[in-house]
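Spelled out, the chains give:
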Amino acid sequence: MNRFRLTAASVLLAALAPLAPLHRPLASQTPTVDTSGAGALIDQGLTHSQVMSNLQYLTDVIGPRLTGSPAARAANDWTMARFKEYGLDARLEQWNFGGTWTRGPMWMRMTAPRLHDVAAASWAWAPGTSGKTVSGPVVRIDASTPESLDANKGKVKGAWVMLRPPSFVWNNDGPPMAAADSERQRAAFRGLFGGGQRLDSAARARLTQFSTDQPFVLRNSGALGILLDGGKEQDLLNMSGSPTRVLPLPQVVVAHEDYALFDRLLGAGVTPRLEANIQNTLTMKDSVPQWNTVAEIRGSAHPGQVVIVGAHLDSWDLGTGATDNGTGSMATLEAARIIAQSGLKPKRTIRFILFTGEEQGLMGSRKYAEAHAADADSIQAVIVLDNGAGAITGMALQGHLESYALWRMLLAPVHRLNADTINDAVKGGTDHLSFIPYGVPGFNFNQITRGYNHTHHSQSDTYDKAIAADLMQASSVMAVSALELANLPDMLPRWEKRLPVQPIVAATVSPELLRGH
């Protein structure tokens, strides 16, 4: 599909004729969409944009925004102030967090069979080495089941432990992938995600408990730490972690090139030795306050009914959180500016929410949805942007094909922006999921990839990866969609409710593994 490159906003605007309300034969349950304000919104988004200057301040000045950090709160305060400058009512809504983690300095190097500096970073919510430099061999064991871990745990004392073979990382500079390579890639994914094996509830519970217990078994067996493959090319790393799964021993993400080196050496009968010094600070409390930034444009006819436009403001801390998800959060801020400064008045309230805690398990949005559960039936829909720096290509229907006609009409005004393709994909891992159990229609826009798999959670997630034309387009599409949803004649039908929602709780370690520690 040819995608229009927004290299000159004036060219596109010249092609945009005033858009009248769309009236076409529809199914009886599909409302008529008023698109009359779309042209004004697109004009505002393409000719008066502030999205890139806002993104630069967020990423270059405030920087990485790990949930629980002072920078995360600074981002809350700054975005609240920006919303107010744009004429919105804005506030911070508190939710409570399970503990803070601060990354300190670290280094790791291979000392045998030769000296080599290792590209590595500590996993979040993992301890350091207590100020000491620790040294030991690398071992790779099968710990995929309780039985295999029990059989191999005698090998880990005083060692750095690899639990998996190297990830499948394709060399894009080499020959094209052959059929056998594709099958290897599929096999690697099946191994990573369990191969789609269907388990009953008891088996799932046993697997979950084993996953929780595994690092504690390794700690109790004397392991120095766990090594993870970064799974990306060019020394890029990959970060995650959560206060719901605080680790008892160091866990280190190693660049794929180094992880694969260790594996090759072991396969050749040569034992690599590593030494490392890792300094982290972990503060576990029952209740650490965090905040979501909330702003709104009050509806003129139905102020108690709400369209939520959202993205997550927090980020990982190896880069500066530009594509994950500074771009989404600044497009949300910009969509608010576009609507507020266009002079158009939505019939329903449009609420813009920048969530924190997304990277630790959708915590901020889940806490928000829980706190506002009584109002769920008054939420028209939730639309979220959280898939990188690329322009919006259209909407994923979250498996709800009955929404096709509605989104075909909602996106008709942005056809010239190449943002009107629709599929039934079920999107995971973003904040719209927090509202769906309450019956709220929740959607996450599809986007051009723009190298997202490389920048995502890595040290390469920086401002220079953002593309002004893409962000101007995405902000405009979000503004158009939000206003149209707010001006629909009726509330959308509710989706199936899946209550009660599981609360956010810390994983419980088997008690016998904690004795003496």
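Residues numbered from 1 in each chain as written. Predicted model: local features only at pLDDT ≥ 70, side-chain atom pairs only at ≥ 80, totals over all residues. Heavy atoms only, no water.

Draft legend 1. Broad picture of the overall build of the protein chain. Secondary structure summary: the protein chain contains 13 helices and 14 strands in total. Relative to a compact globule of 517 residues, whose C-alpha radius of gyration would be 24 Å, the protein chain shows 24 Å and is just as compact. By principal-axis analysis of the C-alpha atoms, the protein chain measures approximately 70 × 50 × 45 Å. Here the protein chain, with 517 residues, has 53% of them falling under the buried criterion. A sequence separation of at least 24 residues applies to 84% of the contacts in the protein chain between residues at least 6 apart. Of the roughly 22,200 Å² that the protein chain leaves accessible, carbon and sulfur atoms contribute 52%. (Helix = DSSP H or I, 4+ residues; strand = E, 2+ residues; numbered from the N terminus. Rg over C-alpha atoms; globule rule 2.2 N^0.38 Å. Buried < 20%, exposed > 50% of the residue type's maximum accessible area, 1.4 Å probe, protein only. Contact = heavy atoms within 4.5 Å. Areas by Shrake-Rupley, 256 points an atom, 1.4 Å probe, with all protein chains shown as cover.)

Draft legend 2. Inspection of the pairing of strand E12 (residues 392–396) at higher detail. Judged by how many residues are buried, E12 sits mostly within the fold: five of five residues are covered. Of the strand pairs in this sheet, E12 and strand E14 (residues 442–447) are connected by three bridges, and their pairing is antiparallel. In the strand pairing of E14, Met395 is matched with Phe445. Bridge analysis of E12 against strand E13 (residues 421–423) gives three bridges, and the strand direction is parallel. Paired with Ala396 across the bridge in E13 is Asn423. (Pairing = 2+ DSSP bridges.)

Draft legend 3. Representation of the environment of Leu163 within the structure. Mapped onto the elements of the fold, Leu163 is located in the loop between strand E5 (160–162) and helix H6 (179–192). Discounting chain neighbours no more than four positions away, the residues touching Leu163 are Ile141, Ala143, Gln214, Leu218, Ile226 and Tyr259.

Draft legend 4. Looking closely at the packing of helix H2 (residues 38–47) against helix H13 (residues 468–486). Contact geometry of H2 with H13 gives a least axis separation of 9 Å together with a crossing angle of 150 degrees. When the axes of H2 and H13 are compared, the pair comes out roughly antiparallel. Every pair of crossing elements has a handedness; the one defined by H2 and H13 is right-handed. Contacts from Ala38, Leu41, Ile42, Gly45 and Leu46 in H2 reach Met472, Gln473, Ser476, Ala479, Val480 and Leu483 in H13. (Axes fitted to C-alpha atoms, helices over the stretch in contact; angles between N-to-C directions. Parallel < 35°, antiparallel > 145°, perpendicular 65-115°, else oblique. Left-handed = near helix turned anticlockwise from the far one by under 90°.)

Draft legend 5. Local environment of the packing of aromatic side chains. Taken as a whole and judged by the stated rule, the model has 11 aromatic pairs. Measuring from centroid to centroid gives 6.3 Å for Trp407 and Phe445, while their planes differ by 85 degrees, and the two rings are edge-to-face. Within this pair, whereas Trp407 is found in helix H11 (residues 404–410), its partner Phe445 is found in strand E14, the two being separated by 38 residues in sequence. Given the relative accessible area of 0%, Trp407 is considered buried. Owing to a relative accessible area of 0%, Phe445 belongs among the buried residues under this scheme. (Phe/Tyr/Trp six-rings, centres within 6.5 Å; stacked < 30°, edge-to-face > 60°.)

Draft legend 6. Structural context of the pattern of salt bridges. Inspection of the entire model under this criterion finds 13 salt bridges. The partner of Lys465 in a salt bridge is Asp464, and the shortest N-O contact between them spans 2.9 Å. Judged by its relative accessible area of 26%, Lys465 is partly exposed. (Salt bridge = Lys/Arg side-chain N within 4 Å of Asp/Glu carboxyl O.)

Draft legend 7. Quick look at the environment of Gly225. Along the chain, Gly225 turns up in strand E6 (residues 225–229). Counting along the chain gives 27 residues from Gly225 to Val252, while the straight-line C-alpha distance between them is 7.4 Å. Residues in contact with Gly225, not counting those within four places in the same chain, are Ala159, Trp160, Val161, Leu249 and Pro250.

Draft legend 8. Region of the structure containing the nonpolar core. Counting 66 residues, the largest nonpolar core has Phe83, Phe352, Ile383, Trp407 and Leu485 as the members making the most contacts within it. Discounting residues that sit within four places of it in the chain, Trp407 has contacts with Ile383, Met395, Leu397, Ile422, Phe443, Ser481 and Leu485. Within the second largest apolar cluster, 19 residues are counted, among which are Val118, Met162, Val252 and Phe262. (Core = buried A, V, L, I, M, F, W, Y, C linked by side-chain atoms within 4.5 Å.)

Draft legend 9. Fine view of the side chain of Glu359. Checked against the element boundaries, Glu359 lands in the loop between strand E10 (348–355) and helix H10 (363–371). The buried charged residue Glu359 lacks any salt bridge, with Arg65 as its nearest oppositely charged partner at 8.3 Å. Looking at Glu359, its side chain comes within polar contact range of the side chain of Trp316, at 3.3 Å. In this structure the side chain of Glu359 is engaged in a polar contact, spanning 3.1 Å, whose partner is the side chain of His457. In contact with Glu359, not counting residues within four places along its chain, are Gly241, His312, Asp314, Ser315, Trp316, Asp324 and His457. (Lys, Arg positive; Asp, Glu negative; His and termini not counted. Polar contact = N/O pair within 3.5 Å; in protein donor to acceptor, adjacent residues only side chain to side chain.)

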